[in-house]
Amino acid sequence: MASSSKRFMKLAGMTASIAGKAAKNSFKNLSSDENKRAEARSQMMQDVGIQIAETLGEMKGAVMKVGQIASQYKEVFPPEVAAALEKLQNNAPPMPYAQIKSQVERELGMPIEEAYLEFEQQPFAAASIGQVHKAVLPSGQHVVVKVQYPDVDKNCDSDLKQVKMALKMTGVLSMSRELQDQIFAEIRDSLKDELDYVKEAQNLAIFGAFHADDPGLIIPKVIKSHSTKRILTLTEELGEPLSVAATWDNEVKQKIATRLFHFSAGQIFELYRMHCDPHPGNFAFRADGSVIAYDFGGIRTYSDSEIQLFRRFAKHALRGDVTALEQDLVKLGIRREDDVLISGSFYQEWLAIGLKPLSIAPYHTGPFDFGSSTIHHEMISQAKQGLKYFKQFQPSASTMMVDRTVSGQYWNLVNLGVEIDLSPLVKHYIDY
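Criteria and thresholds
- In this numbering scheme, every chain counts its residues from 1 along its sequence in written order.
- Under the rules for a predicted model, residues below a pLDDT of 70 receive no local features and side-chain atom pairs below 80 are neither given nor counted, while totals for whole chains, interfaces and linings still include all residues.
- Heavy atoms from the whole structure form the basis of all side-chain values; hydrogens and water molecules are not counted.
- To define a nonpolar core, start from buried Ala, Val, Leu, Ile, Met, Phe, Trp, Tyr and Cys residues and group those joined through side-chain atoms within 4.5 Å.
- Relative accessible area decides the class of each residue, using a 1.4 Å probe on protein chains only: under 20% of the type maximum gives buried, over 50% gives exposed, and in between gives partly exposed.
- Helix and strand definitions follow DSSP, with helices as H or I runs of at least four residues and strands as E runs of at least two, each counted in order from the N terminus.
- Whether two residues are in contact is decided by their heavy atoms, any of which lying within 4.5 Å being enough.
- Helix span, as expected, comes to 1.5 Å for every residue beyond the first.
- Think of it this way: DSSP has to see at least two bridges between two strands before they count as a pair.
- Think of a salt bridge as a Lys or Arg side-chain nitrogen and an Asp or Glu carboxyl oxygen that are within 4 Å of each other.
- Only rings of Phe, Tyr and Trp enter the pairing, Trp through its six-membered ring, and a pair is recorded when the two centres are within 6.5 Å. The plane angle decides the type: under 30 degrees is stacked, over 60 is edge-to-face, the rest tilted.
- Distance and angle both matter: a charge sits over a ring if NZ of Lys or CZ of Arg is within 6 Å of the ring centre and within 35 degrees of the ring normal.

Chemist: Help me out: how do you make sense of the nonpolar core in this one?
Modeler: As a rule of thumb, nonpolar side chains are buried together in soluble globular proteins. Formed by 66 residues in total, the largest nonpolar core has its most connected members in Ile256, Phe285 and Phe370. Looking at which element gives the most residues to this core, the answer is helix H11 (residues 250-271), with 10 residues. Look past the residues within four positions of Phe370 in its chain and what remains in contact with it is Pro357, Tyr410, Leu413, Val414, Val418, Ile420 and Leu422.

Now the structure itself:
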């Protein structure tokens, strides 16, 4: 990885370049009409998004992870920037084996040949802050080893500070300073949690115990003797990717969809903690409907008051009580407190779209076909129609991870192509 000074110079250069573009755009459009200004700003945001994505994509480590996390919060950024950051979700190029070997030996305090009977030099997964190798313990047990890149944790704070500065200088973050600080604190906490493999080992134990009643929901177990803050050795639990599961019978898909639903809803409403990265690469599937869940670094813990507010909001949404719903949105920090009146029909239109996949009457009855879902297109269309209320809403630090999880699981069911009635599962958690 590049030295701290080189990383700083690269990020500082990106920030200066973006600031110049923003200033040039402002000056050039002083006398333009509103439509031309909007068009020019959209083009500038597109250029800025590409520049940020390219710079962060070149830099393995915390800064790339910052970009990946940021890409999940589409409501925080203009669509042009969010679209560019999404490209960072792709696998990163692997780190040379010699560096991985040194990291393993440094962490475990012994030669890699002593620690493992076999250790595959080529990783089967490489990401922004580490990569995963298959291995065999001296006992003969097959395991996977998650290895964090050297020094990635040391650059975390400075990387995040530079990215935040770059985004602020373009006016990308059109929100109060207090809200900016809350959102970046959320991203920083999420990132630091992902860099602490001891904490991830604890999460694996907690979530493994929570889901132990369902043998079809499989969470790898930690091999403590071969795990440290930067190395995590886990039992090998293999399955098929989502693309293969999508070819199976609908009956099997329904078992998978049910488990994915309980995986997220059960955690938030009963455990008060949630696995917040439902990226399809973090799951594997078996032909009996079993689901294997990976990567328990990005966990969000919630207070009782937060969960009760989420539950109340869900209950009011399911009942179609838009007056109470708006009050909940204010408490959640999503609806700004102002004197602007928003018609009840505005909320009803959103409910008619958002509750359809859950098979909630009267919006939809019977199984919902996720494979042919147009909900995401309907939401984009509705957002355009509701632009007059745009300034009355803002991102909320307390709901960002929930939004990310709900959106991610929706796309998992779409890509699975399942046809299912989720309303009985909803009633299991929300009495409406």
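Chemist: What exactly am I supposed to notice about helix H12 (residues 304-319) here?
Modeler: An α-helical turn contains 3.6 residues, so any two residues separated by three or four positions project in the same direction. The terminal C-alpha atoms of H12, which comprises 16 residues, lie 22 Å apart, in line with the 22 Å expected from a rise of 1.5 Å per residue. For H12, every residue scored as buried is listed here: Ile307, Leu309, Phe310, Ala314, His316, Ala317 and Leu318. On its buried side, H12 packs onto H11, helix H13 (322-331), helix H14 (344-354), helix H16 (400-416) and helix H17 (423-429). Positive backbone phi, at 75°, marks Gly320, one or two positions downstream of H12.

Chemist: Just to check I follow, could you spell out the pairing of strand S4 (residues 142-148) for this structure?
Modeler: A regular strand places its side chains so that they alternate between the two faces of the sheet. Across the seven residues that make up S4, a large majority, six, are buried. Summarising the sheet, strand S3 (residues 130-136) and S4 pair through seven bridges and their orientation is antiparallel. In the sheet register, Ala135 faces S4, and the bridge partner there is Val143. The antiparallel pairing of S3 with S4 creates a hairpin that spans five residues between the two strands, and Gly140 there sits at a positive phi of about 100°. Pairing analysis gives five bridges linking S4 to strand S6 (residues 231-235), with the strands arranged antiparallel.

Chemist: Is there a simple way to explain the sheet that holds strand S9 (residues 291-293) in this structure?
Modeler: To summarise the sheet geometry, strands pair through backbone hydrogen bonds and adopt either a parallel or an antiparallel arrangement. Taken in spatial order, the three strands make up an open sheet running S5-S9-S8, and their pairing is mixed. Of all strands in the sheet, those bounded by a partner on one side alone are strand S5 (217-218) and strand S8 (283-285). Direction of pairing for S8 relative to S9: antiparallel, over a ladder of three bridges. Pairing of Phe285 across the sheet is with Val291, part of S9.

Chemist: Could you clarify how one ought to interpret the pattern of salt bridges in this entry?
Modeler: Any two side chains of opposite charge can pair, on the condition that their charged atoms come close. As enumerated under the stated definition, the model contains 13 salt bridges in all. For Glu237, the salt bridge goes to Arg286, with nearest N and O atoms at 3.7 Å. Separated by 49 residues along the polypeptide, Glu237 in the loop between S6 and helix H10 (242-245) and Arg286 in the loop between S8 and S9 bring together distant segments of the chain. Look at Arg286 and you get partly exposed, because its relative accessible area is 29%.

Chemist: What exactly am I supposed to notice about the environment of Ala246 here?
Modeler: If you trace the backbone, Ala246 turns up in the loop between H10 and H11. When residues no more than four places from it in sequence are discounted, the contact partners of Ala246 are Lys253, Asn415 and Leu416.

Chemist: Hey, could you run me through H16 in this one?
Modeler: Look at H16: 24 Å from first C-alpha to last across 17 residues, which is about the 24 Å you get at 1.5 Å a residue. Residues of H16 that are buried include every one of Met400, Met401, Val402, Arg404, Thr405, Gly408, Gln409, Tyr410, Asn412, Leu413, Val414 and Leu416, and no others. Gly417 sits one or two residues past H16 and shows a positive phi near 75°.

Chemist: Help me out: how do you make sense of the environment of Gln308 in this one?
Modeler: Within the element layout of this structure, Gln308 appears in helix H12. Take Gln308: its relative accessible area is 32%, and that puts it in the partly exposed class. A sequence separation of 39 residues divides Gln308 from Phe269, and the C-alpha atoms of the two residues are 8.7 Å apart.

Chemist: I'm lost on unusual backbone geometry in this one. Help?
Modeler: A cis amide bond links Ala361 to the next residue, Pro362, at an omega of 5°. Even without a glycine there, the phi angle at Asp295 is positive, about 60°. As for its placement among the helices and strands, Asp295 is situated in the loop between S9 and strand S10 (299-301). Overall, the relative accessible area of 24% leaves Asp295 in the partly exposed class.

Chemist: What am I meant to see in the packing of aromatic side chains here?
Modeler: In this description, a pair of aromatic rings is defined by centroid distance and the angle of the planes. Scanning all chains against the criterion turns up 15 aromatic pairs. A connected cluster of aromatic rings, assembled from ring pairs, spans Phe207, Phe263, Phe283 and Phe296. Between Lys134 and the ring centre of Phe124, over which it is positioned, the NZ or CZ distance is 5.5 Å.

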